[in-house]
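Fold and geometry: a report
One letter stands for each residue in the lines below.
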Amino acid sequence: AFEWARQRARSGAAVGSLGLLDSVLPPGPPQPGDGSNEAGYVGLVARTCAAHGLGVDVAEIDALPAPEARARLSALMERDGWLAEGEAAGLIEPMIGTIRVHDRALSRYVPGPWAGSMTVLRARDRDPRDGAPPDMDWSPLCTGALDVRSVPGSHQTMLLPPHAAGLARLLT
């Protein structure tokens, strides 16, 4: 949404408002020595599954090395009837692949300034490891007013019941 609004404004089109849903400013290019975090990718898949009702202890998945985390998450998905036996790994790998592609794209993205105002809807239930500051790092790029509002839920659940109702009230 941020880059879309910048491009629309640059082309002379009007941008009525810019709102971001729990979006932290991308971190920029990876630093030397940074590698992929395969276990972290499995943890993101586990968080998404938990948000959709899978009985998974995300802390347990986070504590495991990537291969064991994949196997455990697969077993839980099959145990809870999400997928037939032997099919979960076939779903987890493409999800991790998608996260990996997004991660690479974000690492290459260098955002420019936004001349307007914007609203960031920040999930109230944050992962304590994300370390995002209150403004989600957008202040340096937003030359207009920056309005950060706390909304119920986590990044994964803010658009799902029961949190979606609170978000809808804020948007209307």
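Residues numbered from 1 in each chain as written. Predicted model: local features only at pLDDT ≥ 70, side-chain atom pairs only at ≥ 80, totals over all residues. Heavy atoms only, no water.

This paragraph deals with the overall build of the chain. For the chain, the helix and strand inventory stands at six helices and three strands. The helix and strand sequence of the chain, counted from the amino end, reads α-β-α-α-α-α-β-β-α. In terms of principal-axis extent, the alpha carbons of the chain reach across some 55 × 40 × 30 Å. For the chain, the proportion of its 172 residues judged to be buried stands at 33%. Across the chain, contacts joining residues at least 24 apart in sequence account for 66% of those joining residues at least 6 apart. Accessible surface, the chain as shown: approximately 9,800 Å² in total, 57% of it carbon and sulfur. For the chain, the centre of its 16 positive side-chain charges and the centre of its 20 negative side-chain charges are spaced 8 Å apart. (Helix = DSSP H or I, 4+ residues; strand = E, 2+ residues; numbered from the N terminus. Buried < 20%, exposed > 50% of the residue type's maximum accessible area, 1.4 Å probe, protein only. Contact = heavy atoms within 4.5 Å. Areas by Shrake-Rupley, 256 points an atom, 1.4 Å probe, with all protein chains shown as cover. Lys, Arg positive; Asp, Glu negative; His and termini not counted. Charge placed at Lys NZ, Arg CZ, Asp CG, Glu CD.)

Leu54, Val56, Ile61, Leu73 and Met77 are the most contacted members of the largest nonpolar core, which totals 17 residues. Secondary-structure elements contributing two or more residues to this core are helix H2 (38–51), helix H3 (58–63), helix H4 (66–79) and helix H5 (88–108). If you tally residues by element for this core, the top one is H2, at five residues. Ignoring sequence-local partners within four residues, the contact set of leucine 73 consists of Val42, Val45, Ala46, Leu54, Val56, Ile61 and Ile92. Core analysis: the next-biggest nonpolar cluster, separate from the first, contains 13 residues, Phe2, Leu25, Val120 and Trp138 among them. (Core = buried A, V, L, I, M, F, W, Y, C linked by side-chain atoms within 4.5 Å.)

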